[in-house]
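# A structural walkthrough
Chain residues, written in single-letter form:
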Amino acid sequence: MVSGVNPHGAVLTVDLGALAANWRRLRDRAAPAECAAVVKADGYGLGIEPVGRALARAGCRTFFVAHIDEAARLRAVLAEAVIYVLNGLPAGSAALYREIGARPVLGSLEEVAEWTGGGPDAGHPPPAALHVDTGMNRLGFDPAGVRELAQCGLVTAGPFALLMSHLAAAEDRQDDVLTRRQAARFAEIRSLWPDIPASLSNSSGIFHPDVPGLDLVRPGYALYGGNPTPGSPNPMQPVIRLEAEVLQLRTVEAGERVGYNGRWTAPGRRRLATLSCGYADGFPRASGGSDGAAAGSAGAVLAAGRLCPVIGR
């Protein structure tokens, strides 16, 4: 490497100190509820191992992942952490969960029966979570399933260490009807099992006045710098920074077309910069502006402090 020369063209910087600071900000906001951390999708793309270790050093003790393989990776670096797996219990996988000490988030009677009904822990299964759907219509027990669950007699505190639901629109403060409805439904369901710790808030829920913190909150997006309060100043610190070299500058005249297939036409004389970063690096190919596209639909970069649109394909 030549001193002072960037051999890569673009550099992505991950600030784990900012990540930890964001978790502490959310922890303090949610207190006295426990603040967990969602580290699914490989720590939102930043690496589940370094992200997990940084959050554990900050004081986080409970983590949520999407898949059992993520739980195994996290367990390898965090021996004492509580790890929940959001995508449930695939048939025949209970032994693997027990082996690595992961807790499935159960959303069907079949999953509950498998977790509680067999194996060496029959009658005394390890802890798991129950997921009830209150309006997201994605995962979890629907209202009919909740009634069946209440009648089956399998649910008691101990084997079930958490009762949870997921908010669909807590960031939308212009229309809080769905969020308030979900909070009310969850309160009703929680009354069926009042001894089980409960969790409802995601990142935006932590800042929503109509969403109770309950026993545990589960931020994800906000940990990584996303704004949990759109339309208001972002209370979180930025965690990632992408910087790219300018490869070339050129001027185009009105009517000239730019990029593959000429999807963007210059409306007047424009100064263009080509950056050393593209879709092969993970930058979305669809982020470029094209003729007729809605205003603000294209990506943008900061160049010398000025926000410049990405144009062409």
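Here the structure is a predicted model, which is why all the values come from computation and not from measurement. (Residues numbered from 1 in each chain as written. Predicted model: local features only at pLDDT ≥ 70, side-chain atom pairs only at ≥ 80, totals over all residues. Heavy atoms only, no water.)

A word on the overall build of the chain. For the chain, the helix and strand inventory stands at 8 helices and 17 strands. Seen along its three principal axes, the alpha-carbon backbone of the chain occupies a region of about 75 × 50 × 35 Å. When burial is assessed residue by residue, the chain has 41% of its 313 residues classed as buried. A total of about 16,400 Å² of accessible surface is found on the chain, and carbon and sulfur atoms cover 52% of it. For the chain, the separation between the mean place of its 30 positive charges and that of its 30 negative charges on side chains is 8 Å. (Helix = DSSP H or I, 4+ residues; strand = E, 2+ residues; numbered from the N terminus. Buried < 20%, exposed > 50% of the residue type's maximum accessible area, 1.4 Å probe, protein only. Areas by Shrake-Rupley, 256 points an atom, 1.4 Å probe, with all protein chains shown as cover. Lys, Arg positive; Asp, Glu negative; His and termini not counted. Charge placed at Lys NZ, Arg CZ, Asp CG, Glu CD.)

Contact geometry for helix H1 (residues 16-30) and helix H3 (residues 48-58): axes closest at 9 Å, N-to-C directions at 50°. The pairing of H1 with H3 is recorded here as oblique in orientation. Helix-helix and strand crossings are classified by hand; for H1 and H3 the assignment is right-handed. Seen from H1, the contacting residues are Leu-16, Leu-19, Ala-20, Trp-23, Arg-24 and Arg-27; seen from H3, they are Pro-50, Val-51, Ala-54, Leu-55 and Ala-58. When its residues are assigned to classes, the contact of H1 with H3 shows 9 nonpolar, no polar and 2 charged. (Axes fitted to C-alpha atoms, helices over the stretch in contact; angles between N-to-C directions. Parallel < 35°, antiparallel > 145°, perpendicular 65-115°, else oblique. Left-handed = near helix turned anticlockwise from the far one by under 90°. Contact = heavy atoms within 4.5 Å. Nonpolar A, V, L, I, M, F, W, Y, C, P; charged D, E, K, R; others polar.)

Turning to helix H6 (residues 109-117), its buried residues are Glu-111, Val-112, Trp-115 and Thr-116. Looking straight down H6, one finds its buried side chains confined to an arc of 115°; they lie on one side. With respect to the buried face of H6, the exposed residues turned more than 90 degrees away are Glu-110 and Gly-117. Along its buried surface, H6 packs onto helix H5 (94-100), strand S6 (102-106), strand S7 (128-131), helix H7 (143-152) and strand S8 (160-164). (Arc of directions from axis to C-beta.)

Attention now goes to unusual backbone geometry. Between Ala-31 and Pro-32 the backbone carries a cis peptide bond, its omega angle lying at 10°. Turning to its location among the elements, Pro-32 is positioned in the loop between H1 and strand S2 (34-35). For Ala-41, which is not glycine, the phi torsion reads 55° and is therefore positive. Relative to the helices and strands, Ala-41 is located in helix H2 (residues 40-44). In this structure Ala-41 comes out as partly exposed when scored by relative accessible area, which is 47%.

The next thing to look at is a nonpolar patch on the surface. Residues Leu-12, Val-14, Ile-240 and Leu-242 make up a contiguous nonpolar surface patch of roughly 340 Å² in combined accessible area. Topologically, Leu-242 is positioned in strand S11 (residues 240-244). (Patch = residues over 30% accessible without salt bridge, like charges linked within 9 Å, V, L, I, M, F, W, Y side chains within 5 Å. Salt bridge = Lys/Arg side-chain N within 4 Å of Asp/Glu carboxyl O.)

This next bit is on the pattern of salt bridges. Within this structure, the stated rule accounts for 8 salt bridges. Among the salt bridges present, the one from Asp-28 reaches Arg-27, with a minimum N-O distance of 3.0 Å. Ionic pairing is found between Glu-49 and Arg-73, a salt bridge with its closest N-O pair at 2.8 Å. You can see Glu-49 sitting in helix H3 and its partner Arg-73 sitting in helix H4 (residues 68-77), a full 24 residues away along the chain. Linked by salt bridges that have partners in common, Asp-42, Glu-49 and Arg-73 make up one network.

With 61 residues, the main nonpolar core has Val-39, Leu-55, Phe-63 and Leu-130 as its most contacted residues. Each residue touching Val-39, except ones within four places of it in the same chain, is listed here: Tyr-44, Ile-48, Val-51, Leu-55, Phe-63, Phe-64, Val-65, Leu-74 and Tyr-224. Core analysis: the next-biggest nonpolar cluster, separate from the first, contains 10 residues, Phe-64, Leu-162, Met-164 and Leu-216 among them. (Core = buried A, V, L, I, M, F, W, Y, C linked by side-chain atoms within 4.5 Å.)

This next bit is on the pairing of S8. In terms of burial, S8 is a largely internal element, 4 of the 5 residues being buried. Bridge analysis of S7 against S8 gives 4 bridges, and the strand direction is parallel. From the neighbouring strand, His-131 faces S8, where its bridge partner is Met-164. Pairing of S8 with strand S9 (residues 198-199) involves 2 bridges; the strand directions are parallel. When the bridges of S9 are listed, Met-164 appears paired with Ser-199. In this view, the connection linking S8 to its parallel neighbour S9 by way of helix H8 (residues 177-190) has right-handed handedness. (Pairing = 2+ DSSP bridges. Right-handed = clockwise from strand over helix to strand, strands pointing away.)

Okay, the side chain of Thr-229 next. Looking at the secondary structure, you find Thr-229 in the loop between strand S10 (216-217) and S11. Residue Thr-229 is classed as buried on the basis of its relative accessible area, which comes to 19%. With near-sequence residues (within four places) excluded, Thr-229 lies in contact with Phe-207 and Pro-235.

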